[in-house]
Amino acid sequence: PETWTTVEGVTYCLSCSRARAADAAMDLLPETTSREDRFRFRRNALIAFELDRTPAAPDRVIAGACRTSPKTVAAVRDELNLPLYSVESAAPHPV
């Protein structure tokens, strides 16, 4: 399927790819990080993964995939300086 990825010869489904992205982000945190901060960091890593995978997807679609709110997705998108997708920006520009 097109949502599967291959890394170093190993193929991962989308769910596994999401988990790997979240786990890699969590490995960067010090042991003293609070439970709440760990939750936020993991959620933001999942959102960043989805934004990287499908940058043109509306915030509500990414929010559904990450089980969070569109407002949270918009905040992460802003933090990463990614423009909000719009039909106008996707349309070809006349020459």
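To be clear, the structure that these remarks concern was listed above.
Residues numbered from 1 in each chain as written. Predicted model: local features only at pLDDT ≥ 70, side-chain atom pairs only at ≥ 80, totals over all residues. Heavy atoms only, no water.

Attention shifts here to the packing of aromatic side chains. Across all of its chains, the model carries zero aromatic pairs by this definition. The lysine or arginine in question, Arg 20, covers the ring of Tyr 12, its NZ or CZ lying 4.2 Å from the ring centre. (Phe/Tyr/Trp six-rings, centres within 6.5 Å; stacked < 30°, edge-to-face > 60°. Lys NZ or Arg CZ within 6 Å of the ring centre and 35° of its normal.)

If you look at soluble globular proteins, the nonpolar side chains tend to sit buried side by side. Core analysis: the biggest nonpolar cluster contains ten residues, these being Ala 22, Leu 46, Ile 47, Leu 51, Ala 57, Ile 62, Ala 63, Cys 66, Val 73 and Val 76. For this core, the secondary structure elements donating two or more residues are helix H2 (35-53), helix H3 (59-66) and helix H4 (70-79). If sequence neighbours within four positions are ignored, Ala 57 has contacts with Ile 62 and Arg 77. (Core = buried A, V, L, I, M, F, W, Y, C linked by side-chain atoms within 4.5 Å. Buried < 20%, exposed > 50% of the residue type's maximum accessible area, 1.4 Å probe, protein only. Helix = DSSP H or I, 4+ residues; strand = E, 2+ residues; numbered from the N terminus. Contact = heavy atoms within 4.5 Å.)

With their axes 8 Å apart at the nearest point, H3 and H4 run at an angle of 105 degrees to one another. By the criterion of interaxial angle, the relationship of H3 to H4 is roughly perpendicular. Contacts between H3 and H4 involve Asp 59, Arg 60, Ile 62 and Ala 63 on the former and, on the latter, Pro 70, Val 73, Ala 74 and Arg 77. Grouping the amino acids of the contact of H3 with H4 by side-chain chemistry returns five nonpolar, no polar and three charged. (Axes fitted to C-alpha atoms, helices over the stretch in contact; angles between N-to-C directions. Parallel < 35°, antiparallel > 145°, perpendicular 65-115°, else oblique. Nonpolar A, V, L, I, M, F, W, Y, C, P; charged D, E, K, R; others polar.)

Contact geometry of H2 with H4 gives a least axis separation of 10 Å together with a crossing angle of 75 degrees. Here H4 runs roughly perpendicular to H2, going by the angle between their axes. The residues of H4 that touch H2, namely those facing Arg 43, Asn 44, Ile 47, Ala 48 and Leu 51, are Thr 72, Val 73, Val 76 and Arg 77. When the residues that make up the contact of H2 with H4 are grouped by side-chain class, the tally is five nonpolar, two polar and two charged.

The next subject is the pattern of salt bridges. Inspection of every chain in the model, using the stated rule, returns five salt bridges. The closest approach of N and O atoms between Arg 42 and Asp 23, which form a salt bridge, is 3.2 Å. Of this pair, Arg 42 sits in helix H2 while Asp 23 is found in helix H1 (residues 14-26), placing the two residues 19 residues apart along the sequence. A relative accessible area of 41% places Asp 23 in the partly exposed class. The partner of Asp 59 in a salt bridge is Arg 77, with the nearest N and O atoms 2.8 Å apart. You can see Asp 59 sitting in helix H3 and its partner Arg 77 sitting in helix H4, a full 18 residues away along the chain. For Asp 59, a relative accessible area of 11% corresponds to the buried category. What makes Arg 77 buried here is its relative accessible area of 2%. Residues participating in the shared-partner salt-bridge network are Arg 18, Glu 50 and Arg 53. (Salt bridge = Lys/Arg side-chain N within 4 Å of Asp/Glu carboxyl O.)

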